[in-house]
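# Residue-level structural notes
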Amino acid sequence: MKTFAISLIAILVGVFTFNYFTSYRSAFEADQQCHYEMQKAKNEGLILNCDHDLETNQWILFEQGLNNNPAKIVRRFRY
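None of the values given here were measured: they were computed from a predicted structure.

## Observations regarding the packing of aromatic side chains
This structure, assessed with the given rule, holds two aromatic pairs. Where Y20 meets F21, the ring centres are 5.1 Å apart and the plane angle is 80°; that geometry is what we call edge-to-face. Relative to F77, the ring of Y24 lies with its centre 6.1 Å away and its plane at 50°, an arrangement referred to as tilted. Taken together, the positions of Y24 in the loop between α1 (2-22) and α2 (27-43) and F77 in strand β3 (residues 72-78) put the pair 53 residues apart, joining distant regions of the chain. Residue classification places F77 among the buried residues on the basis of a relative accessible area of 0%.

## Remarks on the nonpolar core
Counting residues in hydrophobic clusters, the biggest one holds nine residues: A30, C34, M38, A41, L48, C50, W59, L61 and F77. Elements represented by at least two residues in this core include exactly α2, β1 (48-53) and β2 (58-63). Among the elements that line this core, the one with the most residues is α2, at four residues. Among all residues touching F77, those that are not within four sequence positions of it are Y24, A30, Q33, C34, E37, N57, Q58, W59 and L61.

## What to know about α2
Here α2 is 17 residues long and its end C-alpha atoms lie 25 Å apart, about the 24 Å a rise of 1.5 Å per residue gives. Residues of α2 that are buried include every one of A30, D31, C34, E37, M38 and A41, and no others. Projected down its long axis, α2 carries its buried residues within an arc of 130°, all on one side. Every exposed residue of α2 that faces more than 90 degrees away from the buried side is listed here: F28 and N43. Directly after α2, the chain includes G45, whose backbone phi takes a positive value near 95°.

## Focus: a nonpolar patch on the surface
A cluster of nonpolar residues, M1, F4, L8, L12 and F16, forms a patch on the protein surface that exposes about 630 Å² of accessible area. Checked against the element boundaries, F16 lands in helix α1.

The rules behind these values
Residues numbered from 1 in each chain as written. Predicted model: local features only at pLDDT ≥ 70, side-chain atom pairs only at ≥ 80, totals over all residues. Heavy atoms only, no water. Phe/Tyr/Trp six-rings, centres within 6.5 Å; stacked < 30°, edge-to-face > 60°. Helix = DSSP H or I, 4+ residues; strand = E, 2+ residues; numbered from the N terminus. Buried < 20%, exposed > 50% of the residue type's maximum accessible area, 1.4 Å probe, protein only. Core = buried A, V, L, I, M, F, W, Y, C linked by side-chain atoms within 4.5 Å. Contact = heavy atoms within 4.5 Å. Expected span 1.5 Å × (residues − 1). Arc of directions from axis to C-beta. Patch = residues over 30% accessible without salt bridge, like charges linked within 9 Å, V, L, I, M, F, W, Y side chains within 5 Å. Areas by Shrake-Rupley, 256 points an atom, 1.4 Å probe, with all protein chains shown as cover. Salt bridge = Lys/Arg side-chain N within 4 Å of Asp/Glu carboxyl O.

Structure below.
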């Protein structure tokens, strides 16, 4: 039982640590990164857009769908 509890705590600490170091600290940082990626893609000839999703706390970089096709999500920037 002790081994299970220690393993569970270690996994939870690992997940929270990973999330802390891989997510953005604020919506501003995520916004800046999304728009930077959008500008970089524009130089490569791609047409991408950024949109803020308040419900899931993320900026979404997406490629607009043509002819009533759905948009293709390129990258998510969680904060």
